[in-house]
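Descriptive structure summary
What follows is the residue order along each chain.
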Amino acid sequence: IKGALKIMAWTKMKTTAVVSVGILLAAGTMVAVLESKSRADQKKDVVAYEILHESLMQKLLARQANDTETRRQLEGVWIITDKRFEGTPRFAHYPKNNPHLKTWTLTNWAIVTYDSKSNVVYSAGGPYELHGNLYTETVESGTGGMSNYIGAQLQYQLRVKGDKYYQMGSGIEETGQRVQQ
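On a predicted model such as this, the values are computed, not experimentally measured, just so you know.

1. A closer look at helix α4 (residues 67–74)
Taken residue by residue, α4 has T70, R71 and L74 as its buried positions. With its buried residues spanning 100 degrees around the axis, α4 presents them on a single face. In the segment just after α4, G76 is the residue with positive phi, at about 135 degrees.

So this is what it looks like as structure tokens:
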């Protein structure tokens, strides 16, 4: 009887060990797959990744930061480096001879785009509202293709990270790099 009990205990211990190793291997594989998918998602859609995948520390700090501080971070001249419109699989990367500039003050925004001959292609501007990372632009004036948007209120998620901003919503995703404060 003692021998049978020892065999039964040993069998239970082996089963527990095998199941535990299996669970650890499955968890390790899942972590590796999720990290790989996360890296692929970041390469494919950097704007959405930056907005949707903030670290826990960034989320905690964002709750403490007020809208006035974000407005101060935005203030200045930025160059739009990448832009993608809804339905377009790839981001457009703008060359230096075709600058897309965006400017923010504490209350207003403006955008202007030039062609290689320094002729204005389109421009727009107006006031904006900021509530956390919810950003709303009101288009008060516009030229070129932007004249169709006069009176529109376009909503985005906006995140400023150092000298870069990430904006997505209303059918576009874009990143910008600060050029002047």
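2. With respect to the packing of aromatic side chains
Applying the stated rule across the entire model yields six aromatic pairs. The interplanar angle of 85 degrees and the centroid separation of 5.4 Å between the aromatic rings of W78 and Y165 together place this pair among those described as edge-to-face. Of this pair, W78 sits in strand β1 (residues 76–85) while Y165 sits in strand β9 (residues 164–169); the two residues are 87 residues apart in sequence, bridging distant segments of the chain. When sorted by exposure, W78 lands in the same class as Y165, which is buried. Pairing W104 with Y165 gives two aromatic rings, centres 5.0 Å apart and planes at 90 degrees, and the pair type is edge-to-face. With W104 in strand β3 (residues 100–104) and Y165 in strand β9, this residue pair connects regions lying 61 residues apart in the sequence.

3. As for the nonpolar core
Counting residues in hydrophobic clusters, the biggest one holds 19 residues, and the most contacted among them are W104, W109, Y128, Y135 and Y165. Y128 has contacts with R71, L74, W104, T105, L106, T107, N108, W109, Y135, T136 and E137, leaving out every residue within four places of it along the chain.

4. Let's talk about unusual backbone geometry
Positive phi outside glycine occurs at S170, with the angle close to 45 degrees. Examined against the element boundaries, S170 turns out to sit in the loop between β9 and β10 (172–180). Residue classification places S170 among the partly exposed positions, given a relative accessible area of 42%.

5. Remarks on the side chain of H100
Note that H100 resides in strand β3. On the accessibility criterion, H100 (4% relative accessible area) is buried. Those residues in contact with H100 that lie beyond four places of it in its chain are W78, I79, I80, Y94, V112, T113 and Y122.

6. Regarding the environment of N98
By the secondary structure assignment, N98 is in the loop between β2 (92–93) and β3. The exposure class of N98 is partly exposed, given its relative accessible area of 23%. The sequence separation of N98 and T113 amounts to 15 residues, and the corresponding C-alpha distance is 7.2 Å.

7. A short note on the environment of L74
Along the polypeptide, L74 turns up in helix α4. Judged by relative accessible area, L74 falls into the buried class, the value being 0%. In this structure the C-alpha to C-alpha distance between L74 and T105, which are 31 residues apart in sequence, comes to 7.4 Å.

Conventions used here
Residues numbered from 1 in each chain as written. Predicted model: local features only at pLDDT ≥ 70, side-chain atom pairs only at ≥ 80, totals over all residues. Heavy atoms only, no water. Buried < 20%, exposed > 50% of the residue type's maximum accessible area, 1.4 Å probe, protein only. Helix = DSSP H or I, 4+ residues; strand = E, 2+ residues; numbered from the N terminus. Arc of directions from axis to C-beta. Phe/Tyr/Trp six-rings, centres within 6.5 Å; stacked < 30°, edge-to-face > 60°. Core = buried A, V, L, I, M, F, W, Y, C linked by side-chain atoms within 4.5 Å. Contact = heavy atoms within 4.5 Å.

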